[in-house]
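One letter stands for each residue in the lines below.
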Amino acid sequence: MRSKAAFWVFVTLLIAANTALAYGGFPPVVTGWVFVAGFLVPTTALFLKDLSGALSFRRVEKKPAPSTALLALVSLILLGAVPRFWRLTEDFLWPTGDEGLHGFLAMGLARHWTGQFFYTVGEHPPLLIWSLALMFKAGWNGLTALWCLPAFFSLILIPVGYGAARRWFDRKWSLVFVFLLAISYWPLSLGRYCHQGLFVPFWELVALWGIGELAEGPRVRWHGWDIFLLGLWIGLGTLTFTAWWAVLFGATCLWLALFNGRGRMAHVAYYSGLLLGILPFLIAAFREGYGHHLLDSSPLNPGFGPSHLWITRLSYITSLFWGSLQAGTSYGPLWGGMLNPILSTAFWVGLAALIQDRASGKSKITLFFLFICLLPGLLAGDYVELNRIIQVMPWVLWTCVVGLRAVLSRLKADKTATVGLCLILAVSTALDGWHYLKPVLSGERARIEKASFADGNEGFLAYRTLQGVAKSQGPGIVLTDFMPLKFGHSLSVAVHSFNAAENDRLDPQACSWAALVTEVQLVPFLRSRFPKARWFWFHSVPPALEGGMALGLIPIGERDRKWISDLIAVHHSFHRLNLEAERSFNGPQYFKTALEDTWDLYPRIKGDRYLETVFWEWVSQFNLGSDPSISDRVLVKALERGYPTADLLEKLSRYKAQEGKTKEVEEFHARALEALREVQEIFP
């Protein structure tokens, strides 16, 4: 009796400590005491208690699933669809920089297939970009394509997760696992970000389902193709995301452990499929080069000190339960951890039960995958990017289920245990629902639409303006690619469905309006060039020296068709330069190509002062060396051949400061302030 009472005391302390660590925001000293007294002590006590008999690893029932189980599964699929697809492009408003970049690359691929395999500075495999390119080719709206894809793959985790779990565990607790896949925070969050990691849990659960099917089936029924296809599926996982290699290694180890006695031909079939699946990745790595990003982000980079490395490694673990120790976590929770305090407590109870039952094969498998799937994060050295450990999340949720089973086994009566499970899941769902929906429920959308913004959010307000014009006047010509790379590509993706400049399904000659997205400092010069244009500045304060995005709406008459056609042609060239510039980080040969193509464009824009300004600022984006005199010569060309804008003058002032030329610093800074005053008269 005392033992049972002590167990409940430890669990209660653990819930309280997880809540305080996740949401408390206490000073470091207080947090340290909470961690030691509220988390470390009860967790150690739970590890010492006998929990192994409470595991849910039972023999799988061979009889068909009852109608109630099927009804429950269908209900969970429908329930999970609501938060994933309801108001898909309304409540979560604007793509992140990565999402905008992925869509932008896919737009280019939809127009012209290049055969490129690795994308972005992270050298990501191609499945996401290829999938989005097909959606753009089929005419999908840009934002809908970005967010429908992750929502769909998050949703199909529910039936696939049930199939995988049923190959290993009993029906009741497989449904609990699927319930967590349906409406807990992590799977819902997965469905809101268009990132390469969105494919990994689906690919992983299908692989585990396949391994489970083969492990169950009689040997005499094996024909070889099923094992070959399993190996092929696991190998093709290299098309999803870099972190898949951890799953590939773990799945192959699991194959060896379970099928070692199947004979030589079984191994030939598996490894043939595996090699065939990996082959595209290997060929591309040889052809395009691969690995520099892995080295840059690993502990081998001398720029990361020991303290930074350890904080980063620990943050990958703490982010699951309480939040990162390192600021700026990518694709992490808004506050607290990926698991709410209830599920965090269940995880640690489940982990204790698994370790105590480590002699069991299924416990060994779970513990092995928990470790292997965390490795990509633990081996990173730069920052915390939770998609690197997305493959561990199904195992984390399953460990939570094991912990729930261990907790509820302390209740003797089945009815009491069932009521307890329902209450636990209800509280857990409420916490996760609030975490997921708080930005919407707390009026975040209203603030976004009314407040002043920097960077990407001004793109959102420009999109809302352009969307309104498109609804009233039909598609238009939106020129977005004259902006420097720092402004990102989200606006280009968002307007794709009604942008005749980039959407091949639309006719530019039928458009009655054009929009020029440009640096605000250029507006004083462009007003005389486009006298009928209306100009928009999306901040509540006047422009500053660093500038920002402005939008010009230009009506198109019959006399304007020629210059609009010429401007679209140049815009296409800048669009190509944008694509090449994003790839230029991946190797010296790509940088060289991007720079050469930039110089090849110059004869087409020479003499046009607006395009000269844009061109030379574009060239200045390339890191032309540590010598600031090289970059300032490029900016001087922009000022001499283009327009003397405030932001370029201020940049030149900073370069002169690096060269120690004090007199010229003061001269260029004064000119910048004078040019800025003219802009502020337009946008007071």
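Note: the structure precedes this text.
Presented here is an overview of the structure given in this document. (Residues numbered from 1 in each chain as written. Predicted model: local features only at pLDDT ≥ 70, side-chain atom pairs only at ≥ 80, totals over all residues. Heavy atoms only, no water.)

Some remarks on the overall build of the protein chain
The following threshold applies: Going along the chain from the N terminus, every DSSP run of H or I of four or more residues is numbered as a helix, and every run of E of two or more is numbered as a strand. Atoms counted for the radius of gyration: C-alpha only. Globule rule: 2.2 Å times residue count to the power 0.38. Exposed residues in this analysis have more than 50% of their type's maximum accessible area, buried residues have under 20%, and partly exposed residues fall in between, with area computed by a 1.4 Å probe over protein chains only. Contact criterion: two residues are considered in contact whenever any of their non-hydrogen atoms come within 4.5 Å of each other.
Regarding its fold elements, the protein chain presents 29 helices and 4 strands. The C-alpha atoms of the protein chain give a radius of gyration of 28 Å, which matches the 26 Å a tight globule of 684 residues would have. The dimensions of the protein chain, computed from C-alpha atoms along their principal axes, are 85 × 60 × 50 Å. Relative to its 684 residues, the protein chain shows a buried fraction of 56%. The contacts in the protein chain between residues at least 6 apart in sequence include a share of 75% that link residues at least 24 apart.

Digging into the packing of aromatic side chains
The line we're drawing: Centres within 6.5 Å are what make two rings of Phe, Tyr or Trp a pair, Trp counting through its six-membered ring; a difference in plane orientation under 30 degrees is then read as stacked, over 60 as edge-to-face, and the rest as tilted.
Here the structure, examined in full by the defined rule, presents 44 aromatic pairs. Both rings, one in tryptophan 537 and one in phenylalanine 683, keep their centres 6.3 Å apart while their planes meet at 35°; by these two values the pair is tilted. A residue pair is termed long-range when its members are at least 10 positions apart, and tryptophan 537 in strand S3 (residues 534-537) and phenylalanine 683 in the segment after helix H29 (662-682) qualify at 146 residues. Phenylalanine 683 matches tryptophan 537 in its accessibility class, with the two residues each being buried. Here a set of aromatic residues connected by ring pairs shows up, and it is made of Trp113, Phe117, Phe118, Trp130, Trp245, Phe281 and Tyr290.

A closer look at the packing of helix H5 (residues 127-137) against helix H6 (residues 142-155)
Put simply, the rule reads: Think of each axis as a best-fit line through the C-alpha atoms, taken over the contacting stretch in the case of a helix, with angles from 0 to 180 degrees between the N-to-C directions. Angle categories: roughly parallel below 35 degrees, roughly antiparallel above 145, roughly perpendicular from 65 to 115, and oblique for all the rest. By convention the crossing between two helices is left-handed if the near helix lies anticlockwise of the far one by an angle smaller than a right angle, and right-handed if it lies clockwise. Polarity classes work like this: nonpolar for Ala, Val, Leu, Ile, Met, Phe, Trp, Tyr, Cys and Pro, charged for Asp, Glu, Lys and Arg, and polar for all others, with Gly in that last group.
Interhelical geometry of H5 versus H6 gives an angle of 135° and a closest axis separation of 10 Å. Classified by the angle between their axes, H5 and H6 sit oblique to one another. In this structure, H5 crosses over H6, and the sense of that crossing is right-handed. Contacts between H5 and H6 pair Leu128, Ser131, Leu132, Met135 and Phe136 from the former with Gly142, Ala145, Leu146 and Leu149 from the latter. For the contact of H5 with H6, the per-class residue count stands at 7 nonpolar, 2 polar and no charged.

Looking at the sheet that holds S3
Note the following rule: A strand pair is defined by DSSP finding two or more bridges across the two strands.
Taken in spatial order, the 4 strands line up as S1-S2-S4-S3 in an open sheet, and their pairing is mixed. Among the strands making up the open sheet, the edge pair consists of strand S1 (477-479) and S3. Going across the sheet, the axis of each strand differs from the next one's by a mean of 15°, ignoring polarity. Pairing of S3 with strand S4 (residues 549-555) involves 4 bridges; the strand directions are antiparallel. Note on S4: the bridge partner recorded for phenylalanine 536 is leucine 551. Against the sheet, helix H24 (residues 561-583) touches S1, strand S2 (513-519) and S4, its axis set at about 45° to S1.

Re helix H11 (residues 225-236)
To keep things clear, this is the line we draw: Helices are assigned an expected span. That span is 1.5 Å times one less than the residue count.
Here H11 is 12 residues long and its end C-alpha atoms lie 16 Å apart, about the 16 Å a rise of 1.5 Å per residue gives. Turning to H11, its buried residues are Ile227, Phe228, Leu230, Gly231, Leu232, Ile234 and Gly235.

Overview of the pattern of salt bridges
This is how the line gets drawn: By salt bridge we mean one thing: a side-chain nitrogen of Lys or Arg within 4 Å of a carboxyl oxygen of Asp or Glu.
Counted by the stated rule, this structure contains 8 salt bridges. Its salt-bridge partner being aspartate 504, residue arginine 111 comes within 3.3 Å of it at the nearest N-O pair. With arginine 111 in helix H4 (residues 97-111) and aspartate 504 in the loop between helix H22 (490-494) and S2, this pair connects stretches of sequence that are 393 residues apart. Given the relative accessible area of 33%, arginine 111 is considered partly exposed.

Notes on the side chain of asparagine 503
Stated formally: As used in this structure description, the phrase polar contact means that two N or O atoms lie within 3.5 Å; if the pair is within protein, one of them must be able to donate a hydrogen and the other to accept it, and residues adjacent in sequence are counted only when both atoms belong to side chains.
With respect to the helices and strands, the residue asparagine 503 is situated in the loop between H22 and S2. Overall, the relative accessible area of 9% leaves asparagine 503 in the buried class. In terms of polar contacts, asparagine 503 uses its side chain to reach the backbone amide nitrogen of arginine 505, at 3.0 Å. Once residues lying within four places of it in the same chain are set aside, the contact partners of asparagine 503 are His496 and Ser497.

Here's the deal with the pairing of S2
Counting buried positions along S2 yields 7 of 7 residues, so the element is predominantly enclosed. Across 3 bridges, S1 lies against S2 in parallel orientation. Residue pairing across strands places isoleucine 477 opposite alanine 514, the latter belonging to S2. Examined bridge by bridge, S2 and S4 share 7 bridges and lie antiparallel to one another. Looking across to S4, one finds that leucine 516 is bridged to glycine 552.

Digging into unusual backbone geometry
Of note in the backbone geometry, arginine 87 takes a positive phi value of approximately 50° without being a glycine. One can find arginine 87 in the loop between helix H3 (67-85) and H4.

Digging into H5
Of all 11 residues that make up H5, 8 are buried, and the element is covered over most of its length. Within H5, the full set of buried residues consists of Leu127, Leu128, Ile129, Ser131, Leu132, Ala133, Met135 and Phe136. Two residues or fewer past H5, glycine 139 is found with a positive phi of approximately 95°.

Re the packing of H24 against helix H25 (residues 588-605)
Closest axis-to-axis distance for the H24/H25 pair is 9 Å, and the angle between their directions is 165°. By the criterion of interaxial angle, the relationship of H24 to H25 is roughly antiparallel. When the axes of H24 and H25 are compared, the crossing they make is left-handed. On H25, the residues that touch Ala569, Val570, Ser573, Phe574, Arg576, Leu577, Glu580, Ala581 and Arg583 of H24 are Tyr590, Thr593, Ala594, Asp597, Thr598, Leu601, Arg604 and Ile605. A breakdown of the residues in the contact of H24 with H25 according to their chemical character gives 9 nonpolar, 3 polar and 5 charged.

Some words on the nonpolar core
Let me state the cut-off plainly: In this description, a nonpolar core means a group of buried Ala, Val, Leu, Ile, Met, Phe, Trp, Tyr and Cys residues linked to one another through side-chain atoms lying within 4.5 Å.
Counting residues in each nonpolar core, the largest one holds 159 residues, and the members touching the most others are Leu132, Trp186, Ile234, Phe347, Leu466, Leu491 and Trp513. Broken down by element, this core gets its largest block of residues, 12 residues, from helix H18 (residues 393-408).

Topic: the environment of phenylalanine 525
Mapped onto the elements, phenylalanine 525 comes out in helix H23 (residues 523-529). Overall, phenylalanine 525 belongs to the partly exposed group, its relative accessible area being 22%. For the pair phenylalanine 525 and tyrosine 610, spaced 85 residues apart in sequence, the C-alpha separation works out to 8.2 Å. The residues touching phenylalanine 525, leaving out its near neighbours within four places in the chain, are Tyr643, Pro644 and Thr645.

Re the environment of arginine 313
Checked against the element boundaries, arginine 313 lands in helix H15 (residues 306-321). As a C-alpha pair, arginine 313 and leucine 378 span 65 residues in sequence and 4.9 Å in three-dimensional space. Sequence-distant contacts of arginine 313, that is, excluding residues within four places in its chain, are made with Pro299 and Leu378. A distance of 3.3 Å separates a polar side-chain atom of arginine 313 from the backbone oxygen of leucine 378.

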